[in-house]
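Inside the fold
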Amino acid sequence: MKKCASGLVYVLYLLLYFLFCLIGFAARLFPSFRNLWLVAERKTDGRDNGYHFFKYLNEEHPEINSAYIIDKHSPDYEKMKKIDKIIQPYTARHFLAFCCAKVRISTHLMGCSPDPYRFAALKRHGLIFGKDMLIRHGIAASDLRELHYPKAKVDLLVCSAYPEFRDMSENYGHPSGVVEMTGLCRFDRLLSPHTVKKQILIMPTWRYYLWKLSDEEFMQSEYFKQFSALLNNGALSRVCAQNGYETVLYLHHELQRFSHLFESDLKTVKVLRASGADVQQLLMESAMLVTDFSSVFFDFAYMGKPMLYLQFDAEVYYKQQYGKSYFDCARDGFGPVYSDAENAAAYIAKKVEDGMAEDKVYAARAKAFFGARTADHCEKVYRAILKRLN
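Residues numbered from 1 in each chain as written. Predicted model: local features only at pLDDT ≥ 70, side-chain atom pairs only at ≥ 80, totals over all residues. Heavy atoms only, no water.

**Remarks on empty space enclosed by the protein**
Taken as a whole and assessed by the stated rule, the structure comprises 2 cavities of 30 Å³ or more. The computed volume of the largest cavity comes to approximately 50 Å³. Forming the walls of the largest cavity are L230, L231, N233, L236, S237, C240, T247, L266, T268 and V269. Elements with a contribution of two residues or more to the lining of the largest cavity: α9 (222-231) and α10 (234-243). Broken down by element, the lining of the largest cavity gets its largest block of residues, 3 residues, from α10. A breakdown of the residues in the lining of the largest cavity according to their chemical character gives 6 nonpolar, 4 polar and no charged. As a volume, the second largest cavity reaches approximately 40 Å³. Lining the second largest cavity, in full, are A141, S142, F293, F297, Y317, Y318, F327 and C329. Taken together, the residues of the lining of the second largest cavity sort by class into 7 nonpolar, 1 polar and no charged. (1 Å grid on protein atoms, 1.4 Å probe; cavity = no way out; pocket = protein on both sides within 12 Å on 5 of 7 lines; lining within 4 Å. Points joined across faces, edges and corners; volume = space filled by probe spheres on them. Helix = DSSP H or I, 4+ residues; strand = E, 2+ residues; numbered from the N terminus. Nonpolar A, V, L, I, M, F, W, Y, C, P; charged D, E, K, R; others polar.)

Structure follows, in structure tokens:
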């Protein structure tokens, strides 16, 4: 029964798509839909590469007819509305814009569509037309199977470092010219002057195998036990208090509903919720990063700041979440790798006490990985899109 219902959803989407494609022939006569560049992230936010590229388009190329898809209930809605045209997702206008767009630009695969998972499947079968540019959510440190061709059919797949570019060019199977080295749009802001607080950011990624657990089940997981132990480490808390540091936990979007379980009585610990946090701002204002496998560590390394990896479940993660790729944190990473919270806490305390001094080994790795660090990534993405449109 479920399989039949799922099949009907595909059919419904396909019928709506072709209907709006037909309407689109007339809609393109109107300025709002003519030569449209459609931009999106998750349709619920505007603070990642989609936001930075959309802002760049409107500031540097106002002649481009662009629109951004974002829900009116999003905390970023008003900010995006001030930049230029916005489109409410899952509306007739959204379907029409998707069908009319000269080019669709998103951080996630088929992110401009009403249903990324199903529209990506329809695109694989040649049933969705038009140009799709994937400007990415981050740099790949693991093997992202969902971005392999023909699972992902895109016209541009952005890369941000030469090792990543080589890996995706050689192993992801895309036609020649699809994978291009441009850098992430949000990197343009990282090198701008900003204030760094005495703040340690703990920002792990999510897990497929924890996603649907109840609160009680989640609290039995090694994920909860390790990060909870780190947050509540007494020795670390004392060192932080003595040196004026605060520890901030920000869970991945997919695990935000478990945030309340990590609440601590320690004055040096704060747990943030998605609605009140800007990830890039958090990264820029933090003095140190603690993560597990999250690709945000690349952003942090781009700024040349200290970090560590807490990888207590590496075997399970690489078996059930993502496969291993060209990047090995122990060999290539920009900070030490620990498998338990106690040793991780000891290293953080040491960095607090030495004033977050630069480690030459990790600084050299970052330099070799990124090459010259610049602030022209939006421009490079823009030129890459133009090349594919021409």
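**Observations regarding the environment of F95**
With respect to the element layout, F95 can be found in helix α4 (residues 92-100). Not counting the four nearest positions on each side in its chain, F95 is found in contact with Y13, L16, F20, P114 and F119. (Contact = heavy atoms within 4.5 Å.)

**A look at the packing of α9 against helix α15 (residues 341-353)**
Two elements in contact, α9 and α15, have axes whose closest approach is 9 Å; the angle formed by their N-to-C orientations is 35°. The way α9 lies across α15 gives a crossing that is right-handed. Contacts between α9 and α15 involve Q226, A229 and L230 from the former and A341, A344, A345 and I348 from the latter. Here the residues of the contact of α9 with α15 sort into 6 nonpolar, 1 polar and no charged. (Axes fitted to C-alpha atoms, helices over the stretch in contact; angles between N-to-C directions. Left-handed = near helix turned anticlockwise from the far one by under 90°.)

**Re the pairing of strand β9 (residues 199-202)**
Both faces of β9 are covered, namely the face carrying Q199 and L201 and the face carrying I200 and I202. For β9 and strand β10 (residues 246-250), the ladder comprises 4 bridges, and the chain directions are parallel. Paired with I202 across the strands is L249, a residue of β10. (Buried < 20%, exposed > 50% of the residue type's maximum accessible area, 1.4 Å probe, protein only. Pairing = 2+ DSSP bridges.)

**Concerning the sheet that holds strand β13 (residues 307-310)**
Think of a sheet as strands paired side by side through backbone hydrogen bonds, with each pair either parallel or antiparallel. The strand order β11-β10-β9-β12-β13-β15 describes an open sheet built from 6 strands, whose pairing is parallel. Looking at the sheet topology across the chains shown, the edges are occupied by β11 (269-272) and β15 (337-338). Seen against the sheet, α9 touches β9, β10, β11, β12 (288-291) and β13 and runs at an angle of roughly 175° to β9. Lying on the sheet, α15 is in contact with β9, β12, β13 and β15; it crosses β13 at an angle near 175°.

**Notes on the packing of helix α2 (residues 49-60) against helix α17 (residues 377-389)**
Here α2 crosses α17 at 80°, and the two axes come no closer than 10 Å. The angle between α2 and α17 falls in the class roughly perpendicular. Of α17, the residues touching α2 (which contributes H52, F53, Y56 and L57) are C378, E379, V381, Y382 and I385. Looking at the contact of α2 with α17 residue by residue, the classes come out as 7 nonpolar, 1 polar and 1 charged. (Parallel < 35°, antiparallel > 145°, perpendicular 65-115°, else oblique.)

**Digging into unusual backbone geometry**
Between Y149 and P150 the backbone carries a cis peptide bond, its omega angle lying at 5°. With respect to the element layout, P150 can be found in the loop between β6 (142-143) and β7 (156-159). For R136, which is not a glycine, the phi torsion comes out positive at approximately 75°. Tracing the backbone through its elements, the reader meets R136 in the loop between β5 (132-134) and β6.

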